[in-house]
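Residue-level structural notes
Residues per chain are reported as follows:
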Amino acid sequence: MNVPTASLPALSPRQLKTLNSLSLLAIVLYALWFTTSFQIRHQSLEVSRLIDYGLNYEQSLVVEKQLAYPPWPRGFLYPPPNVMLRLGLGQIGLKVSAILWMGLLIAATLACLEALLYLLGLSAHPAKYVMALLALCATEYFLEWDLRALNGNMIYLASLLGALILFHRSRPHAAGFLLAGSVVLKVYSIIFLPYFLAKRQYRLCLAATLWLVFFFVVLTGTYFGPDNARTLTENWLTTVLSSGTSLSLPFEYPAYLTSWHKTLLILLNERGGKGIHNVMNLGEEQVFAITRWTQGLWLMLVAAYFAFHFRKPATLPNGTTLLMDAGVLTLLVLPFSPALQPHHGVVMLIPALLLVSLVFDAAVPPALRWTSATILLAGYVELQFGPSLAIRGVGMTFCIVLYMSALLLIRTTLSHRPAPAETHSLIEPPSRLR
(Lines give C-alpha, C1' and ligand atoms only; values in the text may rest on other atoms or scores of the structure.)
Protein backbone atom coordinates (compact mmCIF):
# COMPACT_ATOMS: atom_id res chain seq x y z
CA MET A 1 0.00 0.00 0.00
CA ASN A 2 1.38 3.37 -0.99
CA VAL A 3 0.91 6.43 1.15
CA PRO A 4 0.21 9.66 -0.76
CA THR A 5 2.63 12.43 -0.10
CA ALA A 6 2.51 16.17 -0.27
CA SER A 7 4.97 17.44 -2.86
CA LEU A 8 6.44 20.86 -3.28
CA PRO A 9 4.15 22.76 -5.67
CA ALA A 10 5.23 23.60 -9.20
CA LEU A 11 8.50 21.69 -8.94
CA SER A 12 9.59 19.18 -11.54
CA PRO A 13 11.59 16.12 -10.46
CA ARG A 14 14.77 17.82 -11.68
CA GLN A 15 14.01 21.02 -9.79
CA LEU A 16 13.23 19.06 -6.65
CA LYS A 17 16.52 17.19 -7.00
CA THR A 18 18.36 20.50 -7.33
CA LEU A 19 16.58 21.95 -4.30
CA ASN A 20 17.40 18.81 -2.30
CA SER A 21 21.09 19.07 -3.26
CA LEU A 22 21.18 22.76 -2.33
CA SER A 23 19.60 21.93 1.02
CA LEU A 24 22.31 19.34 1.71
CA LEU A 25 24.96 21.89 0.77
CA ALA A 26 23.38 24.41 3.16
CA ILE A 27 23.43 21.86 5.97
CA VAL A 28 27.10 21.04 5.37
CA LEU A 29 28.08 24.71 5.19
CA TYR A 30 26.10 25.43 8.35
CA ALA A 31 27.93 22.70 10.28
CA LEU A 32 31.32 23.77 8.89
CA TRP A 33 30.83 27.46 9.59
CA PHE A 34 29.54 27.32 13.14
CA THR A 35 32.07 24.68 14.16
CA THR A 36 35.14 26.47 12.83
CA SER A 37 34.31 30.15 12.28
CA PHE A 38 35.28 31.38 15.76
CA GLN A 39 38.77 29.91 15.49
CA ILE A 40 39.15 30.99 11.84
CA ARG A 41 38.19 34.59 12.63
CA HIS A 42 40.70 34.72 15.48
CA GLN A 43 43.29 32.66 13.58
CA SER A 44 44.06 30.75 16.73
CA LEU A 45 43.64 27.33 18.32
CA GLU A 46 44.87 28.40 21.74
CA VAL A 47 42.96 27.03 24.69
CA SER A 48 41.15 30.33 25.21
CA ARG A 49 39.77 30.05 21.65
CA LEU A 50 38.59 26.47 22.10
CA ILE A 51 35.78 27.52 24.45
CA ASP A 52 34.05 24.48 26.00
CA TYR A 53 36.49 21.98 24.54
CA GLY A 54 39.44 23.81 26.06
CA LEU A 55 37.66 24.42 29.38
CA ASN A 56 36.62 20.78 29.70
CA TYR A 57 40.15 19.63 28.93
CA GLU A 58 41.56 21.93 31.62
CA GLN A 59 38.97 20.72 34.13
CA SER A 60 39.87 17.12 33.26
CA LEU A 61 43.49 17.91 34.10
CA VAL A 62 42.33 19.27 37.47
CA VAL A 63 40.34 16.11 38.15
CA GLU A 64 43.33 13.94 37.25
CA LYS A 65 45.68 15.94 39.44
CA GLN A 66 43.43 16.30 42.48
CA LEU A 67 41.51 13.06 42.06
CA ALA A 68 38.42 15.07 42.90
CA TYR A 69 35.87 17.12 40.98
CA PRO A 70 35.97 20.91 41.21
CA PRO A 71 33.08 22.63 43.04
CA TRP A 72 29.86 22.12 41.10
CA PRO A 73 29.39 25.81 40.22
CA ARG A 74 32.21 25.21 37.72
CA GLY A 75 29.73 23.11 35.77
CA PHE A 76 32.08 20.18 35.12
CA LEU A 77 29.94 17.14 35.83
CA TYR A 78 31.21 14.65 33.25
CA PRO A 79 31.80 11.10 34.56
CA PRO A 80 35.32 9.69 35.03
CA PRO A 81 35.35 7.77 31.69
CA ASN A 82 34.61 11.07 29.95
CA VAL A 83 37.56 12.63 31.76
CA MET A 84 39.74 9.81 30.43
CA LEU A 85 38.46 10.43 26.90
CA ARG A 86 39.41 14.10 27.05
CA LEU A 87 42.79 13.39 28.57
CA GLY A 88 43.41 10.72 25.96
CA LEU A 89 42.61 13.13 23.14
CA GLY A 90 44.91 15.68 24.75
CA GLN A 91 47.80 13.25 24.46
CA ILE A 92 47.99 13.90 20.72
CA GLY A 93 48.21 17.64 21.36
CA LEU A 94 45.45 20.03 22.28
CA LYS A 95 45.36 21.77 18.90
CA VAL A 96 45.34 18.54 16.91
CA SER A 97 42.71 17.00 19.18
CA ALA A 98 40.59 20.15 18.90
CA ILE A 99 40.62 19.86 15.10
CA LEU A 100 39.66 16.22 15.46
CA TRP A 101 36.82 17.22 17.81
CA MET A 102 35.60 19.77 15.25
CA GLY A 103 35.57 17.07 12.61
CA LEU A 104 33.60 14.79 14.90
CA LEU A 105 31.06 17.56 15.57
CA ILE A 106 30.55 18.19 11.85
CA ALA A 107 30.27 14.48 11.08
CA ALA A 108 27.92 13.98 14.05
CA THR A 109 25.61 16.76 12.84
CA LEU A 110 25.27 15.11 9.44
CA ALA A 111 24.98 11.66 11.02
CA CYS A 112 22.15 12.80 13.31
CA LEU A 113 20.12 14.05 10.37
CA GLU A 114 20.77 10.89 8.35
CA ALA A 115 19.83 8.73 11.35
CA LEU A 116 16.58 10.61 11.90
CA LEU A 117 15.69 10.35 8.21
CA TYR A 118 16.43 6.62 8.31
CA LEU A 119 14.26 5.96 11.36
CA LEU A 120 11.41 7.90 9.75
CA GLY A 121 11.82 5.86 6.56
CA LEU A 122 12.82 8.90 4.55
CA SER A 123 16.30 7.88 3.41
CA ALA A 124 15.15 7.54 -0.21
CA HIS A 125 12.76 10.48 -0.23
CA PRO A 126 13.57 13.02 -2.97
CA ALA A 127 13.06 15.95 -0.58
CA LYS A 128 14.76 14.45 2.46
CA TYR A 129 17.39 17.17 2.85
CA VAL A 130 14.78 19.87 2.38
CA MET A 131 12.99 18.41 5.41
CA ALA A 132 16.25 18.02 7.30
CA LEU A 133 17.15 21.66 6.64
CA LEU A 134 13.74 22.84 7.86
CA ALA A 135 14.16 20.84 11.07
CA LEU A 136 17.64 22.27 11.52
CA CYS A 137 16.30 25.81 11.04
CA ALA A 138 13.63 25.19 13.68
CA THR A 139 16.26 24.21 16.26
CA GLU A 140 19.31 26.07 14.98
CA TYR A 141 19.77 28.08 18.17
CA PHE A 142 20.57 24.91 20.13
CA LEU A 143 22.75 23.41 17.42
CA GLU A 144 24.60 26.65 16.82
CA TRP A 145 25.36 26.98 20.54
CA ASP A 146 26.76 23.45 20.68
CA LEU A 147 28.84 23.68 17.50
CA ARG A 148 30.21 27.15 18.16
CA ALA A 149 31.16 26.27 21.74
CA LEU A 150 32.74 22.95 20.63
CA ASN A 151 30.80 21.23 23.38
CA GLY A 152 29.81 17.81 22.11
CA ASN A 153 26.07 17.31 22.48
CA MET A 154 25.78 16.51 18.79
CA ILE A 155 28.30 13.69 19.24
CA TYR A 156 26.23 12.42 22.16
CA LEU A 157 23.04 12.57 20.09
CA ALA A 158 24.69 10.79 17.16
CA SER A 159 25.81 7.98 19.46
CA LEU A 160 22.32 7.65 20.92
CA LEU A 161 20.62 7.64 17.51
CA GLY A 162 23.17 5.11 16.30
CA ALA A 163 22.12 2.84 19.16
CA LEU A 164 18.47 3.23 18.13
CA ILE A 165 19.27 2.34 14.52
CA LEU A 166 21.16 -0.78 15.57
CA PHE A 167 18.28 -1.76 17.82
CA HIS A 168 15.89 -1.17 14.92
CA ARG A 169 18.07 -3.48 12.81
CA SER A 170 17.92 -6.18 15.50
CA ARG A 171 21.55 -5.82 16.58
CA PRO A 172 21.12 -5.52 20.36
CA HIS A 173 24.74 -6.10 21.35
CA ALA A 174 26.09 -3.35 19.11
CA ALA A 175 23.23 -1.11 20.20
CA GLY A 176 24.19 -1.72 23.83
CA PHE A 177 27.74 -0.62 23.10
CA LEU A 178 26.66 2.68 21.53
CA LEU A 179 24.10 3.29 24.27
CA ALA A 180 26.80 2.85 26.91
CA GLY A 181 29.05 5.16 24.90
CA SER A 182 26.35 7.82 24.87
CA VAL A 183 26.12 7.56 28.69
CA VAL A 184 29.86 8.23 28.90
CA LEU A 185 29.38 11.33 26.75
CA LYS A 186 26.32 12.51 28.70
CA VAL A 187 24.62 10.57 31.46
CA TYR A 188 21.15 11.72 30.33
CA SER A 189 20.78 8.65 28.12
CA ILE A 190 20.88 6.29 31.13
CA ILE A 191 17.10 6.75 31.03
CA PHE A 192 17.00 4.44 28.01
CA LEU A 193 18.03 1.41 30.09
CA PRO A 194 14.71 1.14 31.99
CA TYR A 195 12.90 1.90 28.72
CA PHE A 196 14.50 -1.04 26.92
CA LEU A 197 14.07 -3.17 30.02
CA ALA A 198 10.33 -2.43 29.97
CA LYS A 199 10.33 -3.51 26.32
CA ARG A 200 12.00 -6.78 27.39
CA GLN A 201 15.13 -6.09 25.38
CA TYR A 202 17.26 -8.02 27.84
CA ARG A 203 20.21 -8.67 25.55
CA LEU A 204 20.55 -4.97 24.75
CA CYS A 205 20.31 -4.03 28.44
CA LEU A 206 22.85 -6.68 29.40
CA ALA A 207 25.27 -5.55 26.70
CA ALA A 208 24.90 -1.90 27.73
CA THR A 209 25.41 -2.77 31.40
CA LEU A 210 28.53 -4.80 30.69
CA TRP A 211 29.99 -2.00 28.59
CA LEU A 212 29.19 0.51 31.34
CA VAL A 213 31.03 -1.70 33.82
CA PHE A 214 33.94 -1.84 31.40
CA PHE A 215 34.03 1.95 30.96
CA PHE A 216 33.35 2.95 34.56
CA VAL A 217 35.18 0.17 36.42
CA VAL A 218 37.75 -1.57 34.23
CA LEU A 219 39.05 1.34 32.16
CA THR A 220 38.79 3.88 34.96
CA GLY A 221 40.42 1.48 37.41
CA THR A 222 43.23 0.76 34.98
CA TYR A 223 43.92 4.46 34.36
CA PHE A 224 43.57 5.88 37.87
CA GLY A 225 44.13 2.75 39.92
CA PRO A 226 41.28 0.79 41.59
CA ASP A 227 41.17 2.79 44.85
CA ASN A 228 41.54 6.16 43.16
CA ALA A 229 38.92 5.24 40.57
CA ARG A 230 36.43 4.26 43.27
CA THR A 231 37.10 7.47 45.21
CA LEU A 232 36.80 9.58 42.09
CA THR A 233 33.55 7.93 41.03
CA GLU A 234 32.04 8.42 44.49
CA ASN A 235 33.15 12.06 44.41
CA TRP A 236 31.54 12.51 40.99
CA LEU A 237 28.26 11.01 42.18
CA THR A 238 28.29 13.23 45.27
CA THR A 239 28.96 16.31 43.15
CA VAL A 240 26.13 15.48 40.74
CA LEU A 241 23.62 14.71 43.49
CA SER A 242 24.51 17.77 45.54
CA SER A 243 24.05 20.02 42.52
CA GLY A 244 20.50 18.74 42.21
CA THR A 245 19.56 19.65 45.78
CA SER A 246 21.46 22.90 46.14
CA LEU A 247 19.48 26.08 46.74
CA SER A 248 22.46 28.30 45.95
CA LEU A 249 23.66 26.73 42.67
CA PRO A 250 21.45 28.92 40.43
CA PHE A 251 23.02 32.02 41.97
CA GLU A 252 26.58 30.75 41.63
CA TYR A 253 26.35 29.23 38.17
CA PRO A 254 27.03 31.32 35.03
CA ALA A 255 24.26 33.43 33.55
CA TYR A 256 23.55 31.04 30.69
CA LEU A 257 22.11 28.41 33.06
CA THR A 258 18.54 27.70 31.92
CA SER A 259 17.39 25.13 34.48
CA TRP A 260 13.80 25.09 35.67
CA HIS A 261 14.92 25.93 39.21
CA LYS A 262 16.87 29.01 38.15
CA THR A 263 14.09 30.12 35.81
CA LEU A 264 11.53 29.92 38.62
CA LEU A 265 13.88 31.77 40.97
CA ILE A 266 14.22 34.58 38.44
CA LEU A 267 10.45 34.83 38.12
CA LEU A 268 9.42 34.24 41.73
CA ASN A 269 12.29 35.35 43.97
CA GLU A 270 13.64 38.88 44.45
CA ARG A 271 17.25 37.77 44.68
CA GLY A 272 16.89 35.67 41.54
CA GLY A 273 14.95 38.30 39.61
CA LYS A 274 16.93 41.21 41.08
CA GLY A 275 13.72 43.14 41.47
CA ILE A 276 13.46 43.39 37.69
CA HIS A 277 12.23 40.09 36.33
CA ASN A 278 10.47 38.57 39.33
CA VAL A 279 6.69 38.87 39.42
CA MET A 280 6.55 37.56 42.99
CA ASN A 281 8.86 37.52 46.00
CA LEU A 282 8.71 34.02 47.39
CA GLY A 283 11.38 32.51 49.62
CA GLU A 284 14.07 30.31 48.12
CA GLU A 285 12.72 27.23 49.88
CA GLN A 286 9.26 27.93 48.50
CA VAL A 287 10.61 28.26 44.97
CA PHE A 288 12.54 25.02 45.37
CA ALA A 289 9.32 23.29 46.45
CA ILE A 290 7.53 24.69 43.38
CA THR A 291 10.39 23.38 41.23
CA ARG A 292 9.92 19.91 42.67
CA TRP A 293 6.14 20.09 42.10
CA THR A 294 6.55 21.11 38.47
CA GLN A 295 9.09 18.36 37.94
CA GLY A 296 6.67 15.90 39.51
CA LEU A 297 3.88 17.00 37.16
CA TRP A 298 6.30 16.70 34.25
CA LEU A 299 7.12 13.14 35.27
CA MET A 300 3.41 12.30 35.54
CA LEU A 301 2.85 13.65 32.04
CA VAL A 302 5.55 11.41 30.62
CA ALA A 303 4.24 8.46 32.64
CA ALA A 304 0.81 9.04 31.06
CA TYR A 305 2.44 8.96 27.62
CA PHE A 306 4.01 5.57 28.24
CA ALA A 307 0.89 4.23 29.95
CA PHE A 308 -0.98 5.06 26.75
CA HIS A 309 1.90 3.62 24.75
CA PHE A 310 1.82 0.20 26.41
CA ARG A 311 -1.98 0.08 26.69
CA LYS A 312 -2.57 0.98 23.05
CA PRO A 313 0.44 -0.03 20.97
CA ALA A 314 0.96 2.21 17.97
CA THR A 315 0.28 0.90 14.48
CA LEU A 316 2.83 3.31 13.04
CA PRO A 317 6.11 2.02 11.57
CA ASN A 318 8.51 0.77 14.23
CA GLY A 319 11.16 3.37 13.44
CA THR A 320 8.69 6.21 13.82
CA THR A 321 7.36 4.88 17.11
CA LEU A 322 10.90 4.35 18.40
CA LEU A 323 11.80 7.91 17.44
CA MET A 324 8.76 9.33 19.20
CA ASP A 325 9.69 7.45 22.37
CA ALA A 326 13.27 8.68 22.08
CA GLY A 327 12.04 12.25 21.72
CA VAL A 328 9.98 11.92 24.89
CA LEU A 329 12.82 10.36 26.88
CA THR A 330 15.44 12.89 25.81
CA LEU A 331 13.09 15.76 26.71
CA LEU A 332 12.09 14.09 29.97
CA VAL A 333 15.48 14.52 31.62
CA LEU A 334 16.07 18.17 30.72
CA PRO A 335 13.85 19.79 33.42
CA PHE A 336 15.57 17.65 36.07
CA SER A 337 19.05 18.87 35.16
CA PRO A 338 20.36 21.50 37.60
CA ALA A 339 22.98 22.47 35.00
CA LEU A 340 20.69 22.75 31.97
CA GLN A 341 22.18 24.93 29.24
CA PRO A 342 21.04 25.88 25.72
CA HIS A 343 23.24 23.36 23.92
CA HIS A 344 21.47 20.51 25.73
CA GLY A 345 18.47 21.38 23.55
CA VAL A 346 19.97 19.73 20.46
CA VAL A 347 17.76 16.72 21.28
CA MET A 348 14.79 18.81 20.10
CA LEU A 349 15.99 18.00 16.60
CA ILE A 350 14.15 14.67 17.07
CA PRO A 351 10.61 16.06 17.39
CA ALA A 352 11.40 18.87 14.95
CA LEU A 353 12.14 16.51 12.06
CA LEU A 354 9.18 14.35 13.00
CA LEU A 355 6.93 17.42 12.77
CA VAL A 356 8.43 18.43 9.43
CA SER A 357 7.74 14.95 8.07
CA LEU A 358 4.09 15.30 9.06
CA VAL A 359 3.82 18.63 7.25
CA PHE A 360 5.03 16.90 4.07
CA ASP A 361 2.69 13.91 4.44
CA ALA A 362 -0.58 14.25 2.52
CA ALA A 363 -1.98 11.18 4.30
CA VAL A 364 -1.94 13.04 7.62
CA PRO A 365 -5.16 14.92 8.44
CA PRO A 366 -4.87 18.57 7.35
CA ALA A 367 -5.54 19.82 10.86
CA LEU A 368 -2.54 17.90 12.21
CA ARG A 369 -0.33 19.08 9.36
CA TRP A 370 -1.22 22.70 10.04
CA THR A 371 -0.74 22.16 13.77
CA SER A 372 2.69 20.65 13.15
CA ALA A 373 3.69 23.61 10.99
CA THR A 374 2.41 26.04 13.64
CA ILE A 375 4.41 24.30 16.38
CA LEU A 376 7.59 24.47 14.30
CA LEU A 377 6.99 28.14 13.55
CA ALA A 378 6.28 28.93 17.21
CA GLY A 379 9.53 27.28 18.28
CA TYR A 380 11.51 29.12 15.62
CA VAL A 381 9.98 32.51 16.49
CA GLU A 382 10.67 31.98 20.18
CA LEU A 383 14.30 31.09 19.58
CA GLN A 384 14.83 34.05 17.29
CA PHE A 385 12.83 36.73 19.07
CA GLY A 386 12.01 35.34 22.52
CA PRO A 387 13.42 36.39 25.90
CA SER A 388 17.19 36.62 26.17
CA LEU A 389 19.92 37.07 28.75
CA ALA A 390 18.60 36.62 32.30
CA ILE A 391 15.26 35.12 31.28
CA ARG A 392 16.56 32.90 28.48
CA GLY A 393 15.36 29.96 30.60
CA VAL A 394 11.76 30.99 29.98
CA GLY A 395 12.24 30.41 26.26
CA MET A 396 14.10 27.15 26.89
CA THR A 397 11.25 25.91 29.06
CA PHE A 398 8.72 27.00 26.44
CA CYS A 399 10.50 24.97 23.73
CA ILE A 400 10.79 21.87 25.93
CA VAL A 401 7.09 21.97 26.79
CA LEU A 402 6.13 22.82 23.20
CA TYR A 403 7.93 19.86 21.67
CA MET A 404 6.83 17.46 24.39
CA SER A 405 3.23 18.54 23.77
CA ALA A 406 3.78 17.91 20.06
CA LEU A 407 4.98 14.37 20.73
CA LEU A 408 1.99 13.68 22.97
CA LEU A 409 -0.34 15.04 20.28
CA ILE A 410 1.25 12.91 17.55
CA ARG A 411 1.17 9.80 19.72
CA THR A 412 -2.52 10.10 20.56
CA THR A 413 -3.61 11.30 17.12
CA LEU A 414 -1.75 8.88 14.87
CA SER A 415 -1.41 5.82 17.08
CA HIS A 416 -4.13 3.92 15.24
CA ARG A 417 -3.23 5.02 11.76
CA PRO A 418 -2.63 1.95 9.54
CA ALA A 419 1.03 1.29 8.88
CA PRO A 420 2.18 0.90 5.27
CA ALA A 421 2.40 -2.76 4.35
CA GLU A 422 5.39 -2.43 2.03
CA THR A 423 7.49 0.21 3.74
CA HIS A 424 8.59 1.48 7.13
CA SER A 425 8.12 5.07 6.01
CA LEU A 426 5.63 7.61 7.22
CA ILE A 427 6.11 9.32 3.89
CA GLU A 428 6.41 7.70 0.50
CA PRO A 429 7.86 9.59 -2.45
CA PRO A 430 5.18 10.59 -4.97
CA SER A 431 4.93 8.04 -7.74
CA ARG A 432 5.78 10.63 -10.38
CA LEU A 433 9.10 11.33 -8.64
CA ARG A 434 10.31 7.77 -8.29
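In short, a report on the structure. (Residues numbered from 1 in each chain as written. Predicted model: local features only at pLDDT ≥ 70, side-chain atom pairs only at ≥ 80, totals over all residues. Heavy atoms only, no water.)

Counted residue by residue, helix 17 (residues 349-359) has 10 buried out of 11 residues, so it is predominantly covered. Listing the buried residues of helix 17 in full gives Leu349, Ile350, Pro351, Ala352, Leu353, Leu354, Leu355, Val356, Ser357 and Leu358. (Buried < 20%, exposed > 50% of the residue type's maximum accessible area, 1.4 Å probe, protein only. Helix = DSSP H or I, 4+ residues; strand = E, 2+ residues; numbered from the N terminus.)

For the rest of this paragraph, the subject is the nonpolar core. The biggest cluster of nonpolar side chains holds 120 residues, and the ones touching the most others in it are Met154, Leu161, Leu179, Phe192, Phe196 and Leu334. Beyond its immediate stretch of four places on either side in the chain, Leu161 contacts Cys112, Ala115, Leu116, Leu323 and Ile350. Counting residues in each nonpolar core, the second largest holds 5 residues, with Leu265, Leu268, Leu282 and Val287 among its members. (Core = buried A, V, L, I, M, F, W, Y, C linked by side-chain atoms within 4.5 Å. Contact = heavy atoms within 4.5 Å.)

To continue, consider helix 3 (residues 80-90). Among the 11 residues of helix 3, 9 are classified as buried, and the element is accordingly described as predominantly covered. The inward-facing, buried residues of helix 3 abut helix 2 (51-66), helix 4 (94-119), helix 8 (172-185), helix 10 (202-224) and helix 11 (226-245).

A complete count under the given rule lists 5 salt bridges for this structure. A salt bridge links Arg230 to Asp227, with the shortest nitrogen-to-oxygen separation between them at 3.3 Å. Residue Arg230 and its partner Asp227 are both found in helix 11; the two are separated by 3 residues, about one turn of the helix. Among the residues examined, Arg230 registers a relative accessible area of 47% and is labelled partly exposed. (Salt bridge = Lys/Arg side-chain N within 4 Å of Asp/Glu carboxyl O.)

Checked against the element boundaries, Asn56 lands in helix 2. Relative accessible area serves as the criterion here: at 9%, Asn56 is assigned to the buried category. Once you skip the residues sitting within four places of it in the chain, Asn56 turns out to touch Phe76, Tyr78 and Arg86.

Excluding glycine, a negative phi dihedral is what most residues carry, and trans is how most peptide bonds are arranged. If you check the backbone angles, Gln43 has positive phi at about 50° while not being a glycine. With respect to the secondary-structure elements, Gln43 resides in the loop between helix 1 (13-42) and helix 2. Non-glycine residue Ile51 carries a positive phi angle of around 45°. Here Ile51 lies in helix 2.

Running from N to C, helix 15 (residues 284-311) and helix 16 (residues 318-332) point in directions that differ by 165°, and their axes come no closer than 11 Å. Between helix 15 and helix 16, the angle is such that the two are roughly antiparallel. As helix 15 packs across helix 16, the resulting crossing turns out to be left-handed. Contacts from Trp298, Leu299, Val302, Tyr305, Phe306 and His309 of helix 15 reach helix 16 at Thr321, Met324, Asp325, Val328, Leu329, Leu331 and Leu332. Split by residue class, the contact of helix 15 with helix 16 holds 10 nonpolar, 2 polar and 1 charged. (Axes fitted to C-alpha atoms, helices over the stretch in contact; angles between N-to-C directions. Parallel < 35°, antiparallel > 145°, perpendicular 65-115°, else oblique. Left-handed = near helix turned anticlockwise from the far one by under 90°. Nonpolar A, V, L, I, M, F, W, Y, C, P; charged D, E, K, R; others polar.)

Once that is clear, we can look at the packing of aromatic side chains. Taken as a whole, this structure holds 20 aromatic pairs when the rule is applied. Seen from their ring centres, Tyr53 and Trp101 are 5.4 Å apart, and the 35° between their planes marks the pair as tilted. Highlighted residues: Tyr53 in helix 2 and Trp101 in helix 4, separated in sequence by 48 residues. With respect to class, Tyr53 is no different from Trp101; both count as buried. Centre to centre, the rings of Tyr195 and Phe196 are 5.1 Å apart; their planes meet at 65°, and the pair counts as edge-to-face. Considered together, Tyr195 and Phe196 belong to a single accessibility category, that of buried residues. Here the guanidinium or amino end of Arg392 rests over the ring plane of Tyr141, the centre of that ring lying 5.0 Å away. (Phe/Tyr/Trp six-rings, centres within 6.5 Å; stacked < 30°, edge-to-face > 60°. Lys NZ or Arg CZ within 6 Å of the ring centre and 35° of its normal.)

This paragraph deals with a nonpolar patch on the surface. On the surface, Phe177, Trp211, Val213, Phe214, Val217, Val218 and Leu219 cluster together into a nonpolar patch covering about 540 Å² of accessible area. Ranked by the residues each element gives to the nonpolar patch, the list is headed by helix 10, at 6 residues. Looking at where Phe177 falls in the secondary structure, it is placed in helix 8. When its relative accessible area of 35% is taken as the criterion, Phe177 is described as partly exposed. (Patch = residues over 30% accessible without salt bridge, like charges linked within 9 Å, V, L, I, M, F, W, Y side chains within 5 Å. Areas by Shrake-Rupley, 256 points an atom, 1.4 Å probe, with all protein chains shown as cover.)

Turning our attention to the environment of Val359. Tracing the chain through its elements places Val359 in helix 17. On the basis of relative accessible area, Val359 is assigned to the partly exposed category, the value being 24%. Taking C-alpha positions, Val359 is 21 Å from Phe398, a pair spaced 39 residues apart along the chain.

So, about the side chain of Asp325. Locating Asp325 in the fold gives a position in helix 16. Salt bridges are absent for the buried Asp325, whose nearest opposite-charge side chain, Lys199, sits at 4.8 Å. A distance of 2.6 Å separates a polar atom in the side chain of Asp325 from a polar atom in the side chain of Tyr305. Not counting chain neighbours up to four residues away, the residues in contact with Asp325 comprise Tyr195, Tyr305, Phe306 and His309. (Lys, Arg positive; Asp, Glu negative; His and termini not counted. Polar contact = N/O pair within 3.5 Å; in protein donor to acceptor, adjacent residues only side chain to side chain.)

Bringing the packing of helix 4 against helix 5 (residues 128-138) into the picture now. Running from amino to carboxyl end, helix 4 crosses helix 5 at an angle of 120°, the nearest separation of the two axes being 11 Å. Relative to helix 5, the element helix 4 is oriented oblique. When you trace helix 4 past helix 5, the crossing you get is right-handed. Side by side, helix 4 and helix 5 meet where Leu113, Glu114 and Leu117 of the first sit next to Lys128, Tyr129, Ala132 and Leu136 of the second. Taken together, the residues of the contact of helix 4 with helix 5 sort by class into 5 nonpolar, no polar and 2 charged.

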